[in-house]
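Working through the structure, step by step
Below, each chain spelled out in residue letters.
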Amino acid sequence: MGLDDYGGGQGPQPDVLVVTTNDVPGYRVQQVLGEVFGLTVRSRHLGSQIGAGLKSMIGGELKGTKTLVQTRTQAMERLVEQARARGANGVLAFRFDVTEAADVGTEVCAYGTAVVLARE
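Residues numbered from 1 in each chain as written. Predicted model: local features only at pLDDT ≥ 70, side-chain atom pairs only at ≥ 80, totals over all residues. Heavy atoms only, no water.

Examining a nonpolar patch on the surface
On the surface, F37, L39 and Y111 cluster together into a nonpolar patch covering about 260 Å² of accessible area. When you line up the elements, L39 lands in strand β2 (residues 27-43). Judged by relative accessible area, which is 37%, L39 ranks as partly exposed. (Patch = residues over 30% accessible without salt bridge, like charges linked within 9 Å, V, L, I, M, F, W, Y side chains within 5 Å. Areas by Shrake-Rupley, 256 points an atom, 1.4 Å probe, with all protein chains shown as cover. Salt bridge = Lys/Arg side-chain N within 4 Å of Asp/Glu carboxyl O. Helix = DSSP H or I, 4+ residues; strand = E, 2+ residues; numbered from the N terminus. Buried < 20%, exposed > 50% of the residue type's maximum accessible area, 1.4 Å probe, protein only.)

Here's the deal with the pattern of salt bridges
A full pass over the atoms with the stated rule returns 1 salt bridge. Between D15 and R84 there is a salt bridge, and its shortest N-O distance comes to 2.8 Å. Of this pair, D15 sits in the loop between α1 (3-6) and β1 (17-18) while R84 sits in helix α3 (residues 65-85), and the two are 69 residues apart along the sequence. On the accessibility criterion, R84 (40% relative accessible area) is partly exposed.

Examining the pairing of strand β4 (residues 105-119)
A regular strand carries its side chains on alternate faces of the sheet. Counting buried residues along β4, 11 of its 15 residues qualify, which places the element largely inside the surrounding structure. Here strand β3 (residues 90-100) runs beside β4; their pairing, made up of 9 bridges, is antiparallel. The partner of G90 across the bridge, within β4, is V115. (Pairing = 2+ DSSP bridges.)

Here it is as structure tokens:
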């Protein structure tokens, strides 16, 4: 597996800049458009649940890393789509929230504040 299988985030020169900070050096917030989020729920198949249960007893890295990266990437892409649709070119205070969804899968929510940024 390559670096992209375990990493994530934006590529170079994104049209909507997503940052975890409350400001961006060299830019000022021209307008706050409000909260945006991207949500996805992924279910696990029976084989992976059994394998994860066995792995948790004997130790070692669980085999869901690539799927979790894909899930987080999808949630982030949905957040960016929503920000773009509102006219934003930035998302500040970006975060992920991950929860179990009634024992059927994992819910991943990407959220932040959509803004219009201007260079200083």
